[in-house]
Every structure is written in C-alpha cells, then in structure tokens.
Amino acid sequence: MGDRIWEADPDEVHEEKAEKPVNHAYDHVVFLVDARAPMQARSATGQSYFACALEAFVATLKRRVLQGNHRDHVGLFVFGTADDNESDGFDNVKKLLPLKVPGKDTILAARRVAAAPAPEPATECECPLYGALECAMQAFRDAKTTGVKKSDNRHIWIFTNDDERTLPDGHERKRCIDYAVTLAESYVVLELWPLRRPSPPGTTA
C-alpha cells in the first residue's frame, strides 16, 4: 500500500486532461488584425494589407461552415484603431465579430465588414497588441457558455505587416512576450501571419 503514495492523484490527472488539448478536440480561432497605418498600404494584389487579412477571415468562415463542424468558434478583433469600442477596457481595440460558431449569417456579416471602409488608424498608439491579446483571451473565457472548453484547441492568429522595430523602448514588446508565455501555459496557440511589405529604399529585406 505504501507504494501507492507515488501514484498520481486522480484529481490532478483529471485537471491536467481538462487543460491540455487533445487530438480530437474542436478548434477555435480569434483573428487579431492590425488596423494601423502600415496595414492601409497597398499590397502586390492592389488591395490594402488590411483587406487581405479580412479576406482570409471570410475564407476561414466559409471553410468552417462547409466542414459542417457545429462547435468550432471564430471571432474577429482589430487593434490599433481610433474607432474603438474599448473592448474589455482596452483602448484602440475593437470587436468586429464575436467569437461564435459561424453560419450563413456570420459570413454575410463578415462580407459587410470586408466591404466597409477600413477603420481609422490610431494616431497615438505605441503597441496595442497587448490589449488585443487580453481581449482574445477574454473572448475564449466568455465563450464557455457556447461550447469552448479548455480541452479544445484555441488559437489566436495575428495579421500585421509591422514588426515594431521602431518602438522607442522595449516595455510594450516585453509585456507582449510575457503574455505570450502565459497564453502558452494555458495551451492557447499564438500564431503570427506576417504580411510582407516592400522594404524602404536603401535597405535590404
């Protein structure tokens, strides 16, 4: 009987399984799209980088609907915009579409968002990414009532063409990195989709 003290506690095992995603879990994605001035520049396709990111969002919605999965959630936030709704108390962050299971109505709403004028970029905004990450995590928490579980795969996809090389100090950068570690510990996968823009004259890519 004494050997059993080395066995894992049943409650601890249950908690670990509840936290760590499993292969057959559902997939939930929050899109975070940069709305600052660099994203309004024209890409090689002739569209703005912001419009390209929204096209990717609409395509993801369509794919999820066609797959017929009735539990995968998708949501859309933009950051670095002056036209914010102070999502969860953070300036320069706006929720365009809530995290929910997409359907035909969601696709129509996303198309309206994509066809609308781009939000006004914030003029005084160093790095609004931290607030956007917080809002994305809160969206996952709020969606528990609609089927998002800790054992599901949760993703945050960031679309930007600005690598923040000109930040006057590293405080905001460090804050984002530290929060990314927190996300990883919560089994939330943070993925960057860099939208490449031409290098300024006289520089190398």
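For clarity, every value in this text was computed on a predicted model and none was experimentally measured.

Colleague: Talk me through the sheet that holds strand 4 (residues 153–160); I want residue IDs and the actual numbers.
Modeller: What the 5 strands build is an open sheet, ordered 3-2-1-4-5; its pairing is mixed. For this open sheet the edge positions go to strand 3 (93–100) and strand 5 (188–194), each flanked by a neighbour on one side alone. Strand-to-strand twist of the sheet, defined as the mean angle between neighbouring strand axes without regard to direction, takes the value 15°. Inspection of the sheet shows strand 1 (residues 27–34) paired to strand 4 by 7 bridges, in the parallel sense. Bridge pairing in strand 4 places Val33 opposite Phe159. Contacts from helix 3 (residues 104–115) reach strand 2 (74–79) and strand 3 within the one sheet, and its direction differs from that of strand 3 by about 160°.

Colleague: So what about helix 2 (residues 49–67)? Which residues, and what values?
Modeller: Over its 19 residues, helix 2 extends 27 Å from the first C-alpha to the last, a length consistent with the 27 Å expected when each residue adds 1.5 Å. Those residues of helix 2 that sit buried are Tyr49, Phe50, Ala53, Leu54, Phe57, Val58, Thr60, Leu61 and Arg64. In this fold, the buried residues of helix 2 make contact with strand 1, strand 2, strand 3, helix 3 and strand 4. Positive backbone phi, at 70°, marks Gly68, one or two positions downstream of helix 2.

Colleague: Tell me what's going on with the environment of Arg175, and back it up with residues and numbers.
Modeller: Here Arg175 is to be found in helix 5 (residues 171–185). Relative accessible area serves as the criterion here: at 33%, Arg175 is assigned to the partly exposed category. Separated by 45 residues in sequence, Arg175 and Tyr130 place their C-alpha atoms 7.0 Å apart.

Colleague: I'd like to hear about the environment of Thr60, residue by residue, with values.
Modeller: Mapping Thr60 onto the fold places it in helix 2. C-alpha separation for the pair Thr60 and Pro102, spaced 42 residues apart in sequence, amounts to 9.7 Å. Once residues within four sequence positions are removed from consideration, Thr60 is found in contact with Phe31 and Trp157.

About the cut-offs
- Residues numbered from 1 in each chain as written.
- Predicted model: local features only at pLDDT ≥ 70, side-chain atom pairs only at ≥ 80, totals over all residues.
- Heavy atoms only, no water.
- Pairing = 2+ DSSP bridges.
- Helix = DSSP H or I, 4+ residues; strand = E, 2+ residues; numbered from the N terminus.
- Axes fitted to C-alpha atoms, helices over the stretch in contact; angles between N-to-C directions.
- Contact = heavy atoms within 4.5 Å.
- Expected span 1.5 Å × (residues − 1).
- Buried < 20%, exposed > 50% of the residue type's maximum accessible area, 1.4 Å probe, protein only.

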